[in-house]
2 protein chains.
Amino acid sequence: MIKTADHLYLQVADKIEQMIEKDVMKMGEKLPSVRMLSKQQGISLTTAFQAYYHLEGKGLIESRPKSGYYICRNARRMAPMPGTCAPVRKPASDVTVSDMVMEVFSHITNDNILKFSVATLPVSVLPSAKMAKAVVHALREQEAGGIGYEPLQGNELLRGQIARLSLGWGEVFTADDVVTTHGCMDALTLCLTATTQPGDTIALESPSYYGALQLAEGLGLKVLEVPTNPITGVDLDYLDKAIPRHKIKACLFVTNFNNPLGCCMPDQHKQELVKIVEKYDIALIEDDIYGDLYFGKQRPLTCKTFDKQGNVLLCNSLSKSVAPGYRVGWTMPGKYKDKVLRMKHHHAISCTSLTHAAAGHFLEIGRYDFHLRNLRKMLHTQSLRYAQAICEYFPESTRVTRPQGGCVLWVELEDHINTFELFQQTLKHKIAFCPGRLFSLQNRYNNCMRISYGNPWSKQVEEGLKTIGKLIHKMQ
Amino acid sequence: MIKTADHLYLQVADKIEQMIEKDVMKMGEKLPSVRMLSKQQGISLTTAFQAYYHLEGKGLIESRPKSGYYICRNARRMAPMPGTCAPVRKPASDVTVSDMVMEVFSHITNDNILKFSVATLPVSVLPSAKMAKAVVHALREQEAGGIGYEPLQGNELLRGQIARLSLGWGEVFTADDVVTTHGCMDALTLCLTATTQPGDTIALESPSYYGALQLAEGLGLKVLEVPTNPITGVDLDYLDKAIPRHKIKACLFVTNFNNPLGCCMPDQHKQELVKIVEKYDIALIEDDIYGDLYFGKQRPLTCKTFDKQGNVLLCNSLSKSVAPGYRVGWTMPGKYKDKVLRMKHHHAISCTSLTHAAAGHFLEIGRYDFHLRNLRKMLHTQSLRYAQAICEYFPESTRVTRPQGGCVLWVELEDHINTFELFQQTLKHKIAFCPGRLFSLQNRYNNCMRISYGNPWSKQVEEGLKTIGKLIHKMQ
């Protein structure tokens with residue numbers, strides 16, 4: 001009896017495995033529900049469950065909370081992960097990073113270009129109708145339709161709602177712990193100016209978001225790039241030694257689904273990191289902008305979760321997930337709150353009262369959770385589809401990250417491939433991505449690229465990745 | 001015959017003069033129209049005109065374009081103007097300017113405080129209903145309700161409309177010359193970071209808007225404060241010598257209705273100033289935020305009007321006159337445009353798409369001009385009322401500026417009066433103003449204060465100024 005049952009679930013599992021193998025069922029696709037499978041195959045619910053457990057054990061499929069089973073990898077081949085990112089030095093080019101950034105993003109509003117370059121979602125997947133309703137509500141509810149300045153710390157309803165979001169990742173925070181900002185970059189700017197002086201040194205991950213590098217440069221800060229592993233994040237031993245040696249005044253890290261590596265620092269590392277910054281009493285600016293875009297069962301924690309002494313300045317915004325153009329960002333600046341408020345007063349006095357009031361209302365009526373649930377599923381599926389296509393169309397030697405959240409893949413090509421040159425070629429085919437060189441001030445990562453999977457999967461996207469692959473093959 | 005007529009108009013003029021003298025007709029009040037006067041007094045239109053001409057000649061009344069005659073000063077006494085602002089050194093206090101700024105503005109959203117401290121207009125005089133309509137229009141017209149990012153340079157409709165505003169003050173500019181920003185402070189920040197490096201020296205007026213001082217300090221810039229005259233503005237001879245001596249990299253001046261002095265640089269001085277910055281090929285950041293709030297017949301020109309080589313970066317916003325909370329600012333950065341765009345990309349990527357689209361629409365349908373006409377009349381009258389009350393309630397030795405635009409008065413008290421101490425006392429009476437010390441990094445102007453006349457004249461305002469006067473008398 002038991003043997004036959006064994007046989008049965010293995011038979012079913014094998015059938016599914018073959019369909020995955022032959023690409024009949026594609027990476028990211030949803031499998032039939034357990035009930036449906038039992039009906040289709042004429043097997044018991046238990047057997048159907050066993051079949052899925054077996055495939056899950058083999059790493060071919062995965063269950064997603066309240067959603068069902070999904071195909072998570074192609075059994076034939078999976079591109080290897082990149083290792084801890086170490087310098088790949090090349091002769092300095094005569095183009096500066098800033099020049100490159102401007103060239104890459106000069107096409108940002110050209111609709112004819114297929115943009116793998118921007119780590120944002122297309123407006124078609126954003127809740128524009130609900131946000132418009134929230135704006136109309138704010139026009140009605142705010143004094144003089146929100147035409148005046150806000151209080152310096154920001155809209156109170158919005159701050160209260162932001163505090164509630166912390167339920168998902170930590171301690172109890174209140175509206176009073178939050179300072180609103182004009183998007184997340186503004187939050188980073190205020191936190192950096194509040195915790196450093198021009199000439200100071202700060203630590204960033206390597207590779208690091210080019211925006212943070214450019215910001216630091218603009219503020220006259222020196223940058224130490226800390227080696228970072230695509231799975232566990234920044235190298236803490238290295239950091240612990242580097243802080244006193246380089247007189248680091250602040251760390252600026254993207255701890256969850258880092259941009260561009262996609263790594264999510266394990267909770268224990270977060271706790272250790274907080275201990276390190278407490279030991280030296282320096283600031284940790286934690287950019288958590290991708291934290292809500294997790295694919296797993298739970299939202300990852302933050303360093304702020306473990307912050308007892310107020311050294312952590314958490315920064316976030318609604319720009320990645322809800323409304324980029326509304327410029328709704330914030331920081332929870334811990335013990336630096338007074339300084340951050342002072343910087344906010346010096347820089348801009350007030351955020352956009354109307355859109356901030358609207359965002360507060362949107363969060364209050366629970367639209368954010370609802371919207372995020374769908375967004376996460378979509379992004380998870382897209383991450384797998386994109387990774388599979390890269391595997392299929394890029395050279396065998398290609399390495400690619402496997403992010404468990406966020407919206408970007410980091411791709412490592414062979415050492416001699418210069419991705420800025422590649423970019424100039426793909427642009428002729430109306431395709432843009434981010435060359436790796438943008439993610440360091442040290443002339444590194446010339447053989448790497450960041451590919452955003454924010455755009456929904458389509459024939460056009462597939463053709464785009466195929467074209468990039470072909471061009472790489474030609475450069476081999 | 002002629003003699004009688006003479007007699008007649010003098011009789012009427014004398015009557016009016018007495019009424020002004022006795023405060024029956026108050027400063028800032030509108031006089032009956034010429035037609036009305038001729039009817040009331042049973043005189044010809046010509047005689048009525050003559051009476052007003054006579055009073056205008058004596059400087060008691062003034063005609064305002066398309067509006068009629070107004071009482072412009074009290075014949076009895078007029079506080080003298082302050083001279084060119086020179087250092088009044090006092091022992092350094094242990095409170096920093098930044099601390100003072102925070103203390104002065106910590107009450108900014110407390111509705112129970114009478115605020116002479118903020119150089120903005122109350123929302124009650126702003127066009128909130130029209131702006132709300134423009135927002136609803138933008139929600140309908142923009143792609144996805146304006147939820148996405150804008151192009152880097154800013155909303156095109158808005159930029160086109162801003163270019164049209166330059167009709168009033170100069171050359172032909174186009175949408176392509178304009179870069180939008182998150183308010184005027186953001187424009188100043190972008191322009192400063194585009195034209196300087198931390199450690200560089202810039203020139204500011206003295207006294208100077210504390211926001212500019214704090215901004216410069218925050219960016220690691222050194223500040224040279226240039227002597228400034230309440231009528232003609234910054235001392236150009238001084239500047240011409242100072243630029244090479246102090247290796248000045250940029251000047252940041254409020255050329256029209258300067259904050260806090262209220263001075264409006266004569267056109268010829270503007271032209272000379274442009275020649276000076278051209279000679280040394282340095283940047284002139286021109287903050288024209290009060291330029292549209294003129295009381296005279298014509299809008300004053302700008303330095304940008306005379307800028308042939310692109311050295312001038314004009315900055316402005318709608319925050320003073322239309323919608324502070326919408327965060328609509330801009331710059332015309334001349335030859336520094338690429339650098340400014342780069343800084344904008346690094347700092348915040350996008351302005352608030354929705355409110356910027358709404359502002360574009362508001363300007364397009366001609367609401368701005370209409371709104372400004374009423375606002376100017378109101379501010380002109382208020383400036384006179386406030387000045388008169390200061391004259392009446394403050395000590396005899398008080399000096400006060402006579403701005404021809406903008407919304408602030410600069411008041412100079414006797415040397416031994418410390419206005420920061422005065423501020424702490426008035427605050428107990430729920431009255432706030434800006435102590436002079438805020439307007440310099442050099443521990444100057446401790447005996448000065450800035451009084452904003454943005455709040456419509458009322459019994460409460462009068463009582464407030466009376467209370468400040470009493471407290472000064474006690475400190476004499």
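Please refer to the structure placed before this passage.
Small disclaimer: the values here were computed from a predicted structure and weren't measured.

About the cut-offs
- Residues numbered from 1 in each chain as written.
- Chains lettered and ligands numbered in written order.
- Predicted model: local features only at pLDDT ≥ 70, side-chain atom pairs only at ≥ 80, totals over all residues.
- Heavy atoms only, no water.
- Salt bridge = Lys/Arg side-chain N within 4 Å of Asp/Glu carboxyl O.
- Helix = DSSP H or I, 4+ residues; strand = E, 2+ residues; numbered from the N terminus.
- Buried < 20%, exposed > 50% of the residue type's maximum accessible area, 1.4 Å probe, protein only.
- Contact = heavy atoms within 4.5 Å.
- Buried area = accessible area lost by both parts, 1.4 Å probe.
- Polar contact = N/O pair within 3.5 Å; in protein donor to acceptor, adjacent residues only side chain to side chain.
- Axes fitted to C-alpha atoms, helices over the stretch in contact; angles between N-to-C directions.
- Parallel < 35°, antiparallel > 145°, perpendicular 65-115°, else oblique.
- Left-handed = near helix turned anticlockwise from the far one by under 90°.
- Nonpolar A, V, L, I, M, F, W, Y, C, P; charged D, E, K, R; others polar.
- Pairing = 2+ DSSP bridges.

1. Quick word on the pattern of salt bridges
Tallying each qualifying case throughout the model produces 20 salt bridges over all chains. Residue B:Arg342 is joined to A:Asp99 by a salt bridge in which the shortest nitrogen-to-oxygen separation is 2.8 Å. Residue B:Arg342 is located in helix H11 (residues 337–347), and its partner A:Asp99 is located in helix H4 (residues 97–105); the two belong to separate chains. Residues A:Asp240 and A:Lys279 are paired through a salt bridge, measuring 3.0 Å at the closest nitrogen-oxygen approach. Within this pair, whereas A:Asp240 is found in helix H9 (residues 236–246), its partner A:Lys279 is found in helix H10 (residues 267–280), the two being separated by 39 residues in sequence. A:Asp240 sits in the partly exposed class, given a relative accessible area of 22%.

2. Things to note about the interface of chain B and chain A
Taken together, the contact between chain B and chain A spans 58 residues of the former and 57 residues of the latter. Of the roughly 4500 Å² buried between chain B and chain A on both sides combined, carbon and sulfur atoms contribute 68%. Ranking the residues of chain B by area buried against chain A places B:Ile147, B:Tyr149 and B:His346 at the top, with a combined share of 16%. The interface formed by chain B and chain A contains 2 salt bridges. Between chain B and chain A we count 16 residue pairs in polar contact (both at pLDDT 80 or more) in total.

3. Concerning the packing of helix H2 (residues 34–41) of chain A against helix H3 (residues 45–57) of chain A
All names here are of chain A. Contact geometry for H2 and H3: axes closest at 8 Å, N-to-C directions at 110°. With respect to each other, H2 and H3 are oriented roughly perpendicular. Helix-helix and strand crossings are classified by hand; for H2 and H3 the assignment is right-handed. Contact with H2, carried on its side by Val34, Arg35, Leu37 and Ser38, involves Leu45, Ala48, Phe49 and Tyr52 of H3 and no other residues of that element. Looking at the contact of H2 with H3 residue by residue, the classes come out as 6 nonpolar, 1 polar and 1 charged.

4. Remarks on the pairing of strand E2 (residues 68–71) of chain B
All names here are of chain B. Here strand E1 (residues 61–64) pairs with E2 via 4 bridges, running antiparallel. Looking at E2, one finds that Arg64 is bridged to Gly68. Here E1 folds back onto E2, and the loop between the two strands holds 3 residues, one of which, Lys66, carries a positive phi near 60°.

5. Some details on the sheet that holds strand E13 (residues 408–412) of chain A
Residue and element names in this part refer to chain A. What the 4 strands build is an open sheet, ordered E12-E13-E16-E15; its pairing is antiparallel. Taken across any chain shown, the strands that pair with only one partner, and hence form the sheet edges, are strand E12 (399–400) and strand E15 (434–435). Alignment of E12 against E13, held across 2 bridges, turns out to be antiparallel. Bridging from a neighbouring strand, Arg399 pairs with Glu412 of E13.

Such coordinate-based values are descriptive only and should not be taken to indicate function.
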